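Single-letter residue listing:
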Amino acid sequence: MTIYLKLIWSYLKIGLFGFGGGYAMLALIEREIVGPGWITEQMFTDIVAISQMTPGPIGINSATYIGYVAPGEYSASLASPLWGILGSIICTLVVVLPSFVLVAYTSHLIHRHRDSTVVKGIFLGLRPVVVGLIASAAMLLMNAANFGETTFQVVWSIALCVAAFAGVYWLKWHPILIICLAGVAGWLIY
């Protein structure tokens, strides 16, 4: 049962300090969840992929999935789906709670002082931090689990990454088409 208390503490920290959305939270999620050994690096990579493909914010989706998986990974006695559902509910609610409370508490203050140089300065200071956190998430995901272990796999993974970027950015292809094509390419190559 201590896993639930640990998950609550970890997701309170993630929810409180996770500025900039889900991608900016990934490094913190990885440190809090993979670091203690509740899930493996490969599972974390799979969770990120699944969270990206499902509707909703990546931070909440990953919290729901990790809450489901982590109790069973932590202890075999908690491998039941009911313990996983309890973990999912707890993690999802706890990751949202700090943001909900902060927004409810500060929204009227920010609205009232939106023309203040202090408030503008705070938001200008947060922008580069969020960009840095998103870049950190990108670097975190550049690992053997995502790009492969052999030179062949790494070269093909980089080529697929560049092709996907070109397809979305320059050719204006729909992201769902890119996901489908990447899945077919991955199936054919690997």
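Residues numbered from 1 in each chain as written. Predicted model: local features only at pLDDT ≥ 70, side-chain atom pairs only at ≥ 80, totals over all residues. Heavy atoms only, no water.

Engineer: Any chance you could break down a nonpolar patch on the surface for me, citing the residues and the numbers?
Structural biologist: Among the surface-exposed residues, F165, Y169, W170, L171, W173, L177 and L181 lie close enough to one another that they form a single nonpolar patch of about 770 Å² accessible area. Put simply, the parts of the chain that give the nonpolar patch at least two residues each are helix 8 (151-169) and helix 9 (175-189). Following the sequence through the fold, W170 ends up in the loop between helix 8 and helix 9. (Patch = residues over 30% accessible without salt bridge, like charges linked within 9 Å, V, L, I, M, F, W, Y side chains within 5 Å. Areas by Shrake-Rupley, 256 points an atom, 1.4 Å probe, with all protein chains shown as cover. Salt bridge = Lys/Arg side-chain N within 4 Å of Asp/Glu carboxyl O. Helix = DSSP H or I, 4+ residues; strand = E, 2+ residues; numbered from the N terminus.)

Engineer: Pulling in residues and values, what's your account of the packing of aromatic side chains?
Structural biologist: Applying the stated criterion to the full structure yields 5 aromatic pairs. A ring pair is formed by F165 and W170, whose centres lie 5.6 Å apart and whose planes are at 90°; its orientation type is edge-to-face. The partly exposed category is assigned to F165, whose relative accessible area is 46%. According to the relative accessible area criterion, W170 is exposed, its value standing at 59%. Three or more aromatic residues joined by ring pairs form one cluster here, namely F165, Y169 and W170. A cation over an aromatic ring shows up here: K172 above the ring of Y169, its NZ or CZ 5.5 Å from the ring centre. (Phe/Tyr/Trp six-rings, centres within 6.5 Å; stacked < 30°, edge-to-face > 60°. Buried < 20%, exposed > 50% of the residue type's maximum accessible area, 1.4 Å probe, protein only. Lys NZ or Arg CZ within 6 Å of the ring centre and 35° of its normal.)

Engineer: How would you explain the pattern of salt bridges if you had to name every residue and give the values?
Structural biologist: Applying the stated rule across the entire model yields 1 salt bridge. In this structure, the salt-bridge partner of E32 is K13, at a minimum N-O distance of 3.2 Å. You can see E32 sitting in helix 2 (residues 22-34) and its partner K13 sitting in helix 1 (residues 2-17), a full 19 residues away along the chain. Residue classification places K13 among the partly exposed positions, given a relative accessible area of 25%.

Engineer: Would you mind going over unusual backbone geometry in detail, with residue names and values included?
Structural biologist: Backbone phi values are negative for most residues with the exception of glycine, while trans is the configuration of most peptide bonds. Its identity as a non-glycine residue notwithstanding, K172 has a phi of 60°, on the positive side. Along the polypeptide, K172 turns up in the loop between helix 8 and helix 9. The class of K172 is exposed, set by a relative accessible area of 63%.

Engineer: Help me get a handle on the side chain of E32, residues and values and all.
Structural biologist: Classification of E32 as buried rests on a relative accessible area of 13%. In this structure, E32 is in contact with S10, K13, I14 and W38, ignoring residues within four places of it in sequence. (Contact = heavy atoms within 4.5 Å.)

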